[in-house]
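# Structural characterization, general
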Amino acid sequence: MLNALLYLRLTSFRNWLLSRVRRLRQPKYLIGAIVGTAYLYFFFIRGFTPHPQQAATTRPMAELQDVLPAAVPADWLPAVAAFGAIALLIVATLMWVVPFERAALGFTEAEIAFLFPAPVTRRSLVHFRLLSSQLRSLAGAGVMVLFSQRWTFLGGNALTHAVGWWFVFSTLSLHFTGANFTLTRLADLGVGGWRRRGLVLGGVAAIVAATWLRLSAASRTLLPGNDANFSTLTNPAIDLTTTAPLSWLLWPLRQVLGPFFAIDARAFWLALSPALAVVTLHYLWVVRSAVAFEDSSVEAAQKRRDRLDAWHAGGRRRSGPAQGRAAPFALGAGGRPELAFLWKNLLSTWPYFTPRVWLGCAGGIILGAVWLRTQPDLRALAVGAGGIALMFAGYTAVVGPQFARQDIRSDLANTDILKTYPLAGWQIILGELLAPAAILTGVLWLTLLAAAVLVGSDPVGPAWLTAPLRIAGAVGLAILAPALALIQLIVPNAAALLFPSWFQATRTRGGGPEVIGQRMIFFFAQMLTMVLALLPAAGLAALLIFILQWLIGPVTAVAVGTAAALVILVGEFTVAVWWLGGRFEKLDLTAELRS
Amino acid sequence: MIEVHGLTKRYGDFTAVRDLSLRVGSGEVLGLVGPNGAGKTTTLRCLAGIIPASAGTIHLAGHDLTATPVAAKRALAFFPDEPRLFEYLTVRQHLNFVARIYGVRNHETIAQPLLEEFEIADKADQLPGELSRGMKQKLAIACGLLHGPQVLFFDEPLTGLDPLGIRRMKNSILQRARAGATIVLSSHLLHLLEEVCTHVLILKKGEKIADGTIPEVAARFSQGEPTVNLEEVFLRATGGTEG
């Protein structure tokens, strides 16, 4: 039976791989693959080839016999191993504390449909899931090697690190399943959630406390000193993890980490057996403790599918059953139909985007700023917070459209219905853009408000940045914010309309290099478009402010510059919406996805 | 009234619908039938203005769909086989939204009877996710009927409905036809077409094989038999093969 399940897993993987390779016949995927592969090579793979400086001491991936002694600085290794063991202990503890549902195995809906009614024992199903999780652990180990290969202090090579990561992931995966099974059994025996959490946390805390008390006074000193190696911080951690009774609790975890931290070939081979023993014991624990998992697995699969559907549709992720809620504003039957899209799309997002919440936030920012400005000791903090607010405004303007996506991207599946509406294409596009633009504008206004009221608290700021000029600048940017948000939203929406199959592809999980490449292409296109769109507006505004400040004063010059920039941005947006509307009217999603 | 001349839809080298002409008058119900892949859904999508035709002209309620799409769309309603609803709008909010899009001023007075007709009045404050597939279908139809369309396109309208729902849907279609609406529906359920359609059009590989009233089309393929049902006509007309 396991052969059949192994066949299913391997065949599915092979077909997944083949479909990815076949897709490269389409230029868009090929280009994406080239860009993605180049990115992976230059940022990760290239690191495997020896650096000129490392060439003398480091060799490329080789046989285990070629495992190298640890490089720099070797004295970090015990501390890193100690922190690694503590991290594993925290993760393992959480596995006993967090779960509040019955044990479920991560079967897909298709697997449930085919395997649950099949003449397969429960143990075989557990084996199937373990096999799948092993494949995932292997893949995870491969990915982590790409990241950890730059940790030169570890010594070892890519192969030992891969094996080390596999031990870590496999143990955690098995421990998670075993803990779930055991917790379900405990629940059936009447050991409820909070009692169990109290026991686990209390037990771990007692062990740590007992160990702490056994440490010497010197080891309990955690204040960082001036030493370059942070030894005053790392030595207590090492002492803590090597002192009983915590050391007993950490012993199996240290064995799991052994192959990863092996500094040479001998240490690696010596570390293999204990690590393997821990994994084997975990496996036996899981197989022997298996409980009825079918019902909860079906429920978990359904939840996963719902989450995936919501993600595909661009909607918000639901943690519970959806409920209708009050509309953001009253929508009358008369008036601009575009506002109906704003109304609809605001309903599809978080309920916090209401004028009341925005005003509350603005009030909070002002009160906070006023209080901060009355505290001379916190003046630097106020200026720093203002700077951070300004940076967040820039981040919102650039990256915000990727998060606020209650627009045509979320409605692509409803294109057929939208196209039957008696509206011109540009009206639908404009309507769809209004909700994310309103959200982004709200965030921009709040951050600008915070920046304006906080940055001005710096008494030693530039002399030319007077209060009136600061206010004029903030108001000018606030006026430009809606236009800026709308312009920024044009790019991802245009991408969805012009390349719906690309757009669909980038929304596919588990993508290969081609999907990474496509995302990068979209991101750079967004950056380029932003620069091209902003350049004329910013250039004209800067020119006008520079010239007019001598004639009409800097504040009025800023106002004139803002007006000029606004005209340009609105003009660009109008042209873009009109053009995109035409594209929308011609869009045939069936034909696009067929190609 | 629907008037179509030379409708052609191509996808690259593939022609999904070829040189299709048809005319459906007020109060008439045209059944679009054909094997899988015959081009029924493509035809309906072209007629509803969802996808542009590669060639040909389409007039709906006197409006040229290409030249005056907004006016033409104001007169039509399209009901896809899979109800397309907005995940976060309740039943009532769906009707509210559609009323604004179509500018239906007194929509409350129209919406309530529609909700009652389709037996979803008690679900007015529920989201689509809480509705069964049949109820979603009913909501989609209620939304489509809110603005009193003169031309209605149904793509497999009975999918997902229970027996009572099927009967109500048939009655609803006939009632709208009697009120003067022009209706085109596509379905594989030939007994449905026999019950509600006045006319039938058989498509195969994107081309019209036959059209006319049901008796006319039956007579053409009866081979002298006195009574031939639509299923037999369909099999003879299409040769019992796909596409």
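Up top is the structure these notes are about.
Let me begin by describing the structure that accompanies this report. Note that residues are indexed from 1 along each chain, following the sequence as it is written. All chains are assigned letters beginning at A, and all ligands numbers beginning at 1, according to the order in which they are written. The model is predicted, so local features are restricted to residues of pLDDT at least 70 and side-chain atom pairs to those at 80 or more, both for listing and for counting; the totals for chains, interfaces and linings are taken over all residues. In computing side-chain values, all of the structure's heavy atoms are included and hydrogens and water are not.

## Regarding the packing of aromatic side chains
Ring geometry is summarised as follows: Phe, Tyr and Trp rings, the Trp one being its six-membered ring, pair when their centres sit within 6.5 Å, and such pairs are stacked at plane angles under 30 degrees, edge-to-face over 60 and tilted between the two. All told, the structure shown has 13 aromatic pairs over all chains when counted by the stated rule. Between Trp165 of chain A and Phe169 of chain A, the aromatic rings sit 5.6 Å apart at their centres with planes inclined by 20°, giving stacked as the arrangement. Separated by four residues within a single helix, Trp165 of chain A and Phe169 of chain A lie in helix α6 (residues 158–188), roughly one turn from each other. Consider the rings of Tyr421 of chain A and Phe97 of chain B, whose centres lie 6.1 Å apart with planes at 70°: the pair is edge-to-face. Here Tyr421 of chain A, found in the loop between α15 (415–420) and α16 (425–455), pairs with Phe97 of chain B, found in helix α3 (residues 91–102), and the two come from separate chains. Exposure is judged per residue with a 1.4 Å probe applied to protein chains only, and the accessible area is read against the type maximum: over 50% gives exposed, under 20% gives buried, and values in between give partly exposed. Accessibility expressed as a relative area gives 4% for Tyr421 of chain A, which makes it buried. Through pairs of rings, three or more aromatic residues link up here, namely Phe341 and Tyr421 of chain A together with Phe86, Phe97 and Tyr102 of chain B. Here, a charge over a ring means that NZ of Lys or CZ of Arg falls within 6 Å of the ring centre while also lying within 35 degrees of the ring normal. Over the aromatic face of Phe584 of chain A sits the side chain of Lys419 of chain A, whose NZ or CZ is 6.0 Å from the ring centroid. Helix and strand definitions follow DSSP, with helices as H or I runs of at least four residues and strands as E runs of at least two, each counted in order from the N terminus.

## Considerations on the side chain of Lys73 of chain B
With respect to the helices, strands and loops of the structure, Lys73 of chain B is situated in helix α2 (residues 69–74). Distance and chemistry together define a polar contact, namely a pair of N or O atoms within 3.5 Å, with one atom able to donate a hydrogen and the other to accept it when in protein, and with adjacent residues in sequence counting only for side-chain atoms on both sides. Reaching out from Lys73 of chain B, the side chain makes a polar contact with the backbone oxygen of Lys419 of chain A at a distance of 2.4 Å. Residue contacts follow a heavy-atom distance rule, with two residues in contact if any of their heavy atoms lie within 4.5 Å. Residue contacts for Lys73 of chain B: discarding those within four places in its chain leaves Lys419, Thr420, Tyr421 and Pro422 of chain A together with Ala48, Gly49, Leu65 and Tyr102 of chain B.

## Concerning helix α17 (residues 467–498) of chain A
Helix length check: α17 of chain A, at 32 residues, gives a terminal C-alpha distance of 46 Å against a target of 46 Å (1.5 Å per residue), a fit within 8%. Of all the bends in α17 of chain A, the greatest reaches close to 40° and is centred on Ala481 of chain A; the proline Pro482 of chain A follows between one and four positions later. Expected helix span is computed as 1.5 Å times (number of residues minus one). Bend at a residue means the angle formed by two fitted axes: the first through the 7 residues ending at that position, the second through the 7 residues beginning there.

## Concerning the sheet that holds strand β2 (residues 14–24) of chain B
Residues and elements named next belong to chain B. In space, the four strands of this open sheet follow the order β2-β1-β4-β5, with antiparallel pairing throughout. Each edge of the open sheet carries a strand with a single partner, namely β2 and β5 (63–64). To obtain each axis, a line is fitted to C-alpha atoms, and for helices this fit is confined to the stretch in contact; angles are then taken between N-to-C directions over 0 to 180 degrees. The sheet contacts of helix α1 (residues 40–47) involve β1 (2–11), β2 and β4 (55–60), and relative to β1 the element is tilted by about 120°. Each pair of strands is called paired provided DSSP finds at least two bridges between the two strands.

## Some words on the packing of α3 of chain B against helix α5 (residues 133–145) of chain B
Residues and elements named next belong to chain B. Orientation of α3 relative to α5, taken along the N-to-C sense of each, is 25°, at an axis distance of 9 Å. Between α3 and α5, the angle falls in the class roughly parallel. As α3 packs across α5, the resulting crossing turns out to be right-handed. Here Val91, His94, Leu95 and Val98 of α3 come into contact with α5, specifically with Leu139, Ala142 and Cys143. Looking at the contact of α3 with α5 residue by residue, the classes come out as six nonpolar, one polar and no charged. Orientation categories follow fixed angle ranges, with anything under 35 degrees roughly parallel, anything over 145 roughly antiparallel, 65 to 115 roughly perpendicular, and all other angles oblique. By definition, turning the near helix anticlockwise from the far helix through less than a right angle yields a left-handed crossing, and turning it clockwise yields a right-handed one. Under this grouping Gly is polar, as are all residues other than the nonpolar Ala, Val, Leu, Ile, Met, Phe, Trp, Tyr, Cys and Pro and the charged Asp, Glu, Lys and Arg.

## Digging into the pairing of β1 of chain B
Residue and element names in this part refer to chain B. Counting buried positions along β1 gives seven out of ten residues, so the element sits mostly inside the fold. Pairing of β1 with β2, which is carried by seven bridges, proceeds in the antiparallel orientation. Pairing of Arg10 across the sheet is with Thr15, part of β2. Hairpin connection, β1 to β2: the antiparallel pair is bridged by two residues, and Gly12 has positive phi, about 65°. For β1 and β4, the ladder comprises five bridges, and the chain directions are antiparallel. Residue pairing across strands places Ile2 opposite Leu60, the latter belonging to β4.

## Remarks on the environment of Ala424 of chain A
Tracing the backbone shows Ala424 of chain A in the loop between α15 and α16. What makes Ala424 of chain A buried here is its relative accessible area of 16%. Not counting chain neighbours up to four residues away, the residues in contact with Ala424 of chain A comprise Glu585 of chain A together with Val70 of chain B.

## Some words on the environment of Asp411 of chain A
Note that Asp411 of chain A resides in the loop between α14 (379–403) and α15. Spatially, the C-alpha atoms of Asp411 of chain A and Asn345 of chain A are 9.4 Å apart, while their sequence positions differ by 66 residues. Residues in contact with Asp411 of chain A, not counting those within four places in the same chain, are Lys344, Asn345, Leu418 and Glu432 of chain A together with Phe86 of chain B.

## Looking at the interface of chain B and chain A
Taken together, the contact pairs 35 residues of chain B with 41 residues of chain A. Summed over both partners, the interface of chain B with chain A comes to about 3,400 Å²; 60% of that surface belongs to carbon and sulfur atoms. Using a 1.4 Å probe, buried area is obtained as the accessible area two parts lose upon being combined, added over both of them. Contact with chain A buries area across many residues of chain B, yet Tyr88, Arg100 and Ile101 of chain B alone supply 25% of it, more than any other trio. For this analysis, a salt bridge means a side-chain nitrogen from Lys or Arg found within 4 Å of a carboxyl oxygen belonging to Asp or Glu. Seen at the junction of chain B and chain A, the total is one salt bridge. Taken together, the connections running from chain B to chain A amount to seven residue pairs in polar contact (both at pLDDT 80 or more). For the side of chain B that touches chain A, the secondary structure elements donating two or more residues are β1, α2, β6 (76–79) and α3 of chain B. The element that contributes the greatest number of residues to the side of chain B that touches chain A is α3 of chain B, accounting for seven residues.

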